Amino acid sequence: MKKLITVLLVGIYLLLVGCSSEIRPILAGGYQSEIGNDGYIIQLGVQPDDQTFSLYIDNREVDRGTYEMKSEGSYLLKSANREFDINLTKENSVEIVINQLNNKEPIELKNISKTPIYFTTEFDDLKEYEKLLD
């Protein structure tokens with residue numbers, strides 16, 4: 001009888017601990033903003049297999065590079081042009097600051113897919129969008 005009660009108590013304890021533990025998402029897939037006050041949509045494609053990212057503004061690739069985890073939920077994204085920090089929330093969204101947009105306030109990008117997003121369309125105005133990162 002004692003053995004049965006002990007097994008039940010251990011089982012209940014493991015069930016409660018397992019259900020209450022907080023699982024943080026990993027940085028992976030496609031992230032997208034709402035249309036901002038300035039009229040732009042920001043997208044971020046993240047490939048965890050090779051730790052690469054692509055940053056888009058209105059479906060135009062304006063930056064790409066690699067990333068590394070600084071601490072749990074905090075990442076450093078590095079490209080040939082710049083470095084910036086992002087933080088991954090428990091809700092699997094990230095905030096990014098692009099100085100030319102949103103009055104230098106963070107822009108929230110929500111995870112829209114577990115698969116990274118990529119756009120291959122060629123645009124004639126790509127240089128205009130790349131200037132937004134300056």
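Residues numbered from 1 in each chain as written. Predicted model: local features only at pLDDT ≥ 70, side-chain atom pairs only at ≥ 80, totals over all residues. Heavy atoms only, no water.

## Considerations on the overall build of the chain
Heads up, the rule is: Labels follow the DSSP assignment, with helices taken as runs of H or I lasting at least four residues and strands as runs of E lasting at least two, numbered in each case from the N terminus. Buried residues are those whose accessible area, probed at 1.4 Å on protein chains only, stays under 20% of the maximum for their type, while exposed residues exceed 50% and partly exposed ones sit between those limits. Note on definitions: a residue-residue contact is assigned when non-hydrogen atoms from the two residues lie within 4.5 Å.
Assigned secondary structure in the chain consists of two helices and eight strands. Mapped from its N terminus to its C terminus, the chain presents α and β elements in the order α-β-β-β-β-β-β-β-β-α. Taking all 134 residues of the chain together, the buried fraction comes to 35%. For the chain, the share of sequence-separated contacts (at least 6 apart) that also reach a separation of at least 24 residues comes to 45%.

## Describing the nonpolar core
For clarity, the threshold we go by: Think of a nonpolar core as a cluster: buried Ala, Val, Leu, Ile, Met, Phe, Trp, Tyr and Cys residues, connected wherever their side-chain atoms sit within 4.5 Å.
Core analysis: the largest hydrophobic core is formed by 24 residues, its most contacted members being Leu27, Leu44, Leu55 and Ile86. Elements represented by at least two residues in this core include exactly strand 2 (42-47), strand 3 (52-57), strand 4 (60-71), strand 5 (74-79), strand 6 (83-88), strand 7 (93-96) and strand 8 (107-113). Ignoring any residue separated from it by four or fewer positions in sequence, one finds Ile86 in contact with Leu27, Leu44, Gly73, Ser74, Tyr75, Leu77, Val94, Glu95 and Ile96.

## Observations concerning the sheet that holds strand 5
Stated formally: Note: two strands are recorded as paired if DSSP finds a minimum of 2 bridges between them. Under this scheme, a helix contributes an axis fitted over its contacting stretch, all axes are lines through C-alpha atoms, and angles between N-to-C directions fall in the 0 to 180 degree range.
Taking strand neighbours around the barrel as the criterion, the eight strands line up as 1-2-3-4-5-6-7-8 in a closed arrangement whose pairing is antiparallel. Within the sheet, the average angular offset between the axes of one strand and its neighbour, ignoring direction, is 30°. Of the pairings in the sheet, the one linking strand 1 (residues 29-32) to strand 8 comprises three bridges and is antiparallel in character. In the sheet register, Gln32 faces strand 8, and the bridge partner there is Lys110.

## Some remarks on the side chain of Gln47
Looking at the element boundaries, Gln47 is found in strand 2. The class for Gln47 is buried, based on a relative accessible area of 18%. Once you skip the residues sitting within four places of it in the chain, Gln47 turns out to touch Thr52, Tyr67, Pro116 and Tyr118.

## Observations concerning the pairing of strand 4
Where strand 3 lies against strand 4, six bridges are found, and the strand directions are antiparallel. Among the inter-strand pairings, Phe53 is bridged to a residue of strand 4, identified as Gly65. Where strand 3 hands over to strand 4, the hairpin turn is made up of two residues, of which Asp58 adopts a positive phi near 50°. When strand 4 meets strand 5, the two strands line up antiparallel, connected through six bridges.

## Some thoughts on the environment of Asn99
With respect to the helices, strands and loops of the structure, Asn99 is situated in the loop between strand 7 and strand 8. By relative accessible area, Asn99 is classed as partly exposed at 47%. For the pair Asn99 and Asp134, spaced 35 residues apart in sequence, the C-alpha to C-alpha distance is 7.6 Å.

## Things to note about the packing of aromatic side chains
Our working rule: Side-chain rings of Phe, Tyr and Trp (the six-membered ring for Trp) are treated as a pair once their centres are within 6.5 Å; stacked means planes under 30 degrees apart, edge-to-face means over 60, and tilted covers the remaining angles. Whether a charge lies above a ring is judged from NZ of Lys or CZ of Arg, which has to be within 6 Å of the ring centre and within 35 degrees of the ring normal.
All chains considered together, the criterion is met by three aromatic pairs. Aromatic side chains Phe53 and Phe84 sit 5.9 Å apart centroid to centroid with 80° between the ring planes, which places their arrangement in the edge-to-face category. Of this pair, Phe53 sits in strand 3 while Phe84 is found in strand 6, placing the two residues 31 residues apart along the sequence. Assessed through its relative accessible area of 2%, Phe53 is described here as buried. Residue classification places Phe84 among the buried residues on the basis of a relative accessible area of 6%. A ring pair is formed by Tyr67 and Tyr75, whose centres lie 5.9 Å apart and whose planes are at 70°; its orientation type is edge-to-face. Across the pair, exposure class does not vary: Tyr67 and Tyr75 are buried alike. Sitting above the plane of the Phe123 ring, Arg60 keeps its charged end 3.9 Å from the centroid.

So, to be careful, I would describe these as geometric facts and stop short of saying anything about function.
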